[in-house]
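Coordinate analysis (summary)
The chain contents come next:
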Amino acid sequence: MENFENGIFIPKEFVQFHSYLNGSAIQATIIEPIKHATLLHESKFAGIPYLSKGLTHPKDDNGQFMLLLAQINFSEFQLNDPFPLKGILQFYISQQCSPQVKSNASRHYYHVQYVLPSEMDDTFKLDFSYLNNTDFRHFPIMQEMKLHFKQSFEPVSIMDYRLKNFFNPTIMNEFITLDERSFHDIYLVNYLAADHKIGGYPYFIKQDFREAFPHLQHYDTLLLQIVSNDAQQIMWGDSGIISFFINSEKLRQLDFSDIYFHLEDY
C-alpha cells in the first residue's frame, strides 16, 4: 500500500498508475452508522426528524406521512464546496416505496428538504404520535442509527461512467500481475465504492445510469448513498442500494428541487 498526495489507498499493483488515480480523486465523507439514540438535530439513519416551527412533515401523494431515511447535519463534519458548511439535510421516502419501485421513481416516493441554519431554533416539534400507525414493511433500516463521519478522498469508482476519462478502456482486460489478474479485477476489488457516503463516487450494481443517457450527466454529485449491510440491519430489496444525485451548481445554491433518486438491487 502507498499513500500519495490525496492520502488515497493505492494497491501495489497500481503504483505505476498513481498519477491517474490521484488525478481522479474527489472528496467524500464515509458514514459509519451505529445503533444509538440521537437528539432531534443530530445526524441519523431512520428515527425522528428535526422539524422547526415553520416546517411540516412531508406527505406522499396518498396523504401518508413519509419516513425519515436519513438526516445529515453538516455542522458535524466538513466537506468543501459545493456542499454546505451548516444546516440539516433530510431525506424521506414514502411508506409505499418498495423494491418494486424502479430507478428514479416519481417524487411521490421521496422528498429531500434542507433546513437552513436560520430556521434552527428551540421551537421544534416534539409530538410525533401521528406516526404510530406507520407501515414499516418496506422500510430498509430496522433501527435508528447515529452517524459517525470519516473524511476521505477516493479515486473514480469502477462503475462510474467517468472511469474512461482517466483510463483507456482497452487496459481493462489486460493482465497486469504474474497470476494473470486483469486491471479490471484489481480495480473492482479496491474501488467498488460500496459504502454509505456523502460525496465521492457512486456504487452501481449493474451500470451507471448516466452512461447511456447523456442528458442525465448533469447529476454529477452524489448527495447520499446507502448500501445494504446485514450486520447493520440495513437492507434494500436483495442487497440493493439507495442513492440521491444532484447537480453541483444546484447544490451550491442550496436548491434541492431537482434530485435523481436511484434505487437498485440484485
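Note that this is a predicted model, so its numbers are computed, not measured. (Residues numbered from 1 in each chain as written. Predicted model: local features only at pLDDT ≥ 70, side-chain atom pairs only at ≥ 80, totals over all residues. Heavy atoms only, no water.)

Let's shift gears to the pattern of salt bridges. Two side chains that carry opposite charge are able to pair once their charged atoms sit near each other. Applying the stated criterion across every chain yields a total of twelve salt bridges. Note that K12 and E13 form a salt bridge whose closest N and O atoms lie 3.6 Å from each other. Judged by its relative accessible area of 64%, K12 falls in the exposed class. For E13, a relative accessible area of 17% corresponds to the buried category. In this structure, the salt-bridge partner of D258 is K250, at a minimum N-O distance of 3.7 Å. The network of salt bridges with common partners includes K12, E13, D179 and R181. (Salt bridge = Lys/Arg side-chain N within 4 Å of Asp/Glu carboxyl O. Buried < 20%, exposed > 50% of the residue type's maximum accessible area, 1.4 Å probe, protein only.)

Turning to helix α2 (residues 183-190), its buried residues are F183, I186 and Y187. Viewed end-on, α2 has its buried residues packed into an arc of 100°, placing them on one side of the element. For α2, the secondary structure elements touched by its buried residues are α1 (18-24). (Helix = DSSP H or I, 4+ residues; strand = E, 2+ residues; numbered from the N terminus. Arc of directions from axis to C-beta. Contact = heavy atoms within 4.5 Å.)

Here we take up the environment of S152. Along the polypeptide, S152 turns up in strand β8 (residues 145-154). S152 sits in the partly exposed class, given a relative accessible area of 22%. Along the primary structure S152 and A25 are separated by 127 residues, whereas in three dimensions their C-alpha atoms are 9.6 Å apart. S152 has contacts with I26, Q27, A28 and I30, leaving out every residue within four places of it along the chain.

Mapping Q143 onto the fold places it in the loop between β7 (110-115) and β8. Q143 sits in the buried class, given a relative accessible area of 14%. Along the sequence, Q143 and Q232 sit 89 residues apart, while their C-alpha atoms lie 8.9 Å from each other. Every residue in contact with Q143, bar those within four places of it in the chain, is listed here: K35, F45, A46, Q232 and Q233. Only 3.4 Å separates the side chain of Q143 from the side chain of Q233, close enough to count as a polar contact. (Polar contact = N/O pair within 3.5 Å; in protein donor to acceptor, adjacent residues only side chain to side chain.)

On to the packing of aromatic side chains. All told, the structure shown has 27 aromatic pairs when counted by the stated rule. On the basis of an interplanar angle of 5° and a centroid distance of 6.1 Å, the ring pair of F204 and F245 is categorised as stacked. Highlighted residues: F204 in the loop between β9 (197-199) and α3 (209-212) and F245 in strand β11 (residues 241-246), separated in sequence by 41 residues. Judged by relative accessible area, F204 falls into the buried class, the value being 1%. Joined through ring pairs, the aromatic side chains of F14, F17, Y20, F167, F183, Y187 and Y191 make up one cluster. Here R210 stacks its cationic end above the ring of F209, 5.7 Å away from the centre of that ring. (Phe/Tyr/Trp six-rings, centres within 6.5 Å; stacked < 30°, edge-to-face > 60°. Lys NZ or Arg CZ within 6 Å of the ring centre and 35° of its normal.)

Attention shifts here to the confidence of the model for the chain. Detailed conclusions should not be drawn from predicted coordinates in areas where pLDDT is low. Looking at the chain, pLDDT values average 91 and 95% of them are 70 or higher. Segment residues 1-5: pLDDT under 50, and eleven contacts once partners within four positions in sequence are set aside and those in other chains are kept. (pLDDT = per-residue confidence, 0-100.)

This part takes up the nonpolar core. If you look at the biggest cluster of nonpolar residues, it comprises 37 residues, and the most contacted ones within it are F45, L69, F91, I198, L223, F244 and F256. Counting only elements with at least two residues in this core, the list comes to β5 (67-73), β6 (88-93), β7, β8, β10 (221-227), β11 and β12 (260-264). No other element matches β5, which puts four residues into this core. Apart from the residues within four sequence positions on either side, F256 is in contact with L89, R107, V112, Y114, L223, I246 and L251. The next biggest cluster of nonpolar side chains, apart from the first, holds 17 residues, and it includes F14, I158, I186 and Y201. (Core = buried A, V, L, I, M, F, W, Y, C linked by side-chain atoms within 4.5 Å.)

As a further point, take the pairing of β10. The buried fraction of β10 is high, at seven of seven residues. Pairing of β10 with β11, which is carried by six bridges, proceeds in the antiparallel orientation. Opposite T221, over in β11, you have I246 as the bridge partner. (Pairing = 2+ DSSP bridges.)

A word on the environment of Q100. Residue placement: Q100 occurs in the loop between β6 and β7. Taking relative accessible area as the criterion, Q100 reaches 60% and is therefore assigned exposed.

All right, on to the pairing of β5 then. With seven of seven residues buried, β5 is to be regarded as a mostly interior element. Inspection of the sheet shows strand β4 (residues 44-45) paired to β5 by two bridges, in the antiparallel sense. Within the sheet, the bridge partner assigned to F45 lies in β5 and is A70. In this sheet, β6 lies alongside β5 in antiparallel orientation, the contact comprising six bridges.

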